[in-house]
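Reading the structure
Residues per chain are reported as follows:
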Amino acid sequence: IAVLIFHVWPKIFRGGFVGVDVFFVISGFLITSLLIAEGEATGRVSLLRFWARRLMRLLPAASVVLLAALVGAIFFLPRTELVGTAYHTMAAALYYENWALVSQAVDYWAQGTAPSPVQHFWSLSIEEQFYFAWPPLVALAAFIAHLGRASLRSLALPLLLIVFFSSLVLSVLPIAEADAAYFKTTTRLWELALGAITAVWGTKLEIRQWVRALLGWLGLVMVVAAILWINETMRFPGWVALLPTLGTAFMIVGHDAPYAPFRLLSL
């Protein structure tokens, strides 16, 4: 919803693009929850089954969009744009569109430049790269845990904390190509890691119901505030991205506690 209203009313909801950051946190939480549940229940994680499910879920719809974009480009775009569109379509199909945009020094906020018809696949590319890298590590942790050396969660948490802090540092540090940081996996991975940390550790904390409800409302306020306050003039992602991402994590921890915003959001 945040992304939609940003594209419809960009001057009113200037920070609506943070919906992508919310999406990354939720995705990291959901995927890690599934992997941890399977690892704890069976002592192993079936990588082939996990990847097959992801492909079956994403590939049909993505293929239709990419083919439609390619056909549309042939009919409606100048011939000079066809090679570039074909390249970006291939990059999107192989889930490296974000790096293709980085290599061409694309600025997400550039005015007066025509974006690739499939530029929006940059976020899905980052998500898929996470899907390929993270499950094998969880599978290895599940195998070690099955040997009785440690629990799966205690093995996964340090890995996630390392990814979270190292990626956040890269996101915050000043770099020469600050505009390209918007698309980089390295500067976005901490958002997925935050969702994964919430799945591994946040939902297992012993928290009173009223505190969980309070966290839920605080998280909702943080996300809404980010949509209204954050804008394209700010360095993003960076410290400011903590507002919507931590807000999302708080809402997940709040979950369905009495008087939490769970019922409101589920409508």
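An account of the accompanying structure is given in this report. (Residues numbered from 1 in each chain as written. Predicted model: local features only at pLDDT ≥ 70, side-chain atom pairs only at ≥ 80, totals over all residues. Heavy atoms only, no water.)

**Focus: the overall build of the protein chain**
Of the regular secondary structure elements, the protein chain holds 11 helices and zero strands. Taken from N to C terminus, the helices and strands of the protein chain fall in the order α-α-α-α-α-α-α-α-α-α-α. Here the C-alpha radius of gyration of the protein chain, 20 Å, is about what a compact globule of 267 residues would show, namely 18 Å. When its C-alpha atoms are laid out on the principal axes, the protein chain stretches across 60 × 40 × 40 Å. (Helix = DSSP H or I, 4+ residues; strand = E, 2+ residues; numbered from the N terminus. Rg over C-alpha atoms; globule rule 2.2 N^0.38 Å.)

**Considerations on unusual backbone geometry**
The omega angle of the peptide bond from F236 to P237 is -5°, so this bond is cis rather than trans. Positionally, P237 belongs in the loop between α9 (209-229) and α10 (242-254). The backbone of Y95 sits at a positive phi, close to 60°, despite the residue not being glycine. As for its position among the elements, Y95 is in the loop between α4 (82-93) and α5 (97-103). One non-glycine residue, H255, lies in positive phi territory at about 45°. Assignment of secondary structure puts H255 in the loop between α10 and α11 (262-266). Taking the relative accessible area as the measure of exposure, H255 reaches 40% and is therefore partly exposed. (Buried < 20%, exposed > 50% of the residue type's maximum accessible area, 1.4 Å probe, protein only.)

**A closer look at the environment of F130**
Examined against the element boundaries, F130 turns out to sit in helix α6 (residues 121-146). Along the sequence, F130 and A105 sit 25 residues apart, while their C-alpha atoms lie 22 Å from each other. Not counting residues up to four positions away in its chain, the partners in contact with F130 are G28, T32, P135, L189 and L192. (Contact = heavy atoms within 4.5 Å.)

**Some thoughts on the packing of helix α2 (residues 19-42) against α6**
Axis separation between α2 and α6 bottoms out at 10 Å; the angle between their running directions is 25°. With respect to their mutual orientation, α2 and α6 come out roughly parallel. Of the two elements, α2 crosses α6, and the hand of that crossing is right-handed. Side by side, α2 and α6 meet where V20, F23, F24, S27, G28, I31, T32, L35, I36 and G39 of the first sit next to W122, S123, I126, E127, F130, Y131, W134, P135, V138 and A142 of the second. Across the contact of α2 with α6, the residue classes break down as 14 nonpolar, five polar and one charged. (Axes fitted to C-alpha atoms, helices over the stretch in contact; angles between N-to-C directions. Parallel < 35°, antiparallel > 145°, perpendicular 65-115°, else oblique. Left-handed = near helix turned anticlockwise from the far one by under 90°. Nonpolar A, V, L, I, M, F, W, Y, C, P; charged D, E, K, R; others polar.)

**Structural notes on the nonpolar core**
By size, the foremost hydrophobic cluster in this structure holds 62 residues, and its most contacted members are W122 and F236. Here this core takes 12 residues from α6, the largest share from any one element. When neighbours within four sequence positions are excluded, F236 is seen to be in contact with F17, V18, D21, Y182, R188, I230 and A241. (Core = buried A, V, L, I, M, F, W, Y, C linked by side-chain atoms within 4.5 Å.)

**Some words on the packing of aromatic side chains**
Tallied over the full model, the rule gives 17 aromatic pairs. Consider the rings of W122 and F183, whose centres lie 5.5 Å apart with planes at 80°: the pair is edge-to-face. Of the two residues, W122 is situated in helix α6 and F183 in the loop between α7 (152-172) and α8 (189-200); the sequence distance between them amounts to 61 residues. The class for W122 is buried, based on a relative accessible area of 4%. Assessed through its relative accessible area of 0%, F183 is described here as buried. Feature note: the residues F6, F17, F23, F24, W122, Y182, F183 and F236 constitute an aromatic cluster, connected by ring pairs. When the ring centre of Y131 is taken as reference, the NZ or CZ atom of R54 above it lies at 5.9 Å. The ring of Y182 carries the charged tip of R188 above its face, separated from the ring centre by 4.5 Å. (Phe/Tyr/Trp six-rings, centres within 6.5 Å; stacked < 30°, edge-to-face > 60°. Lys NZ or Arg CZ within 6 Å of the ring centre and 35° of its normal.)

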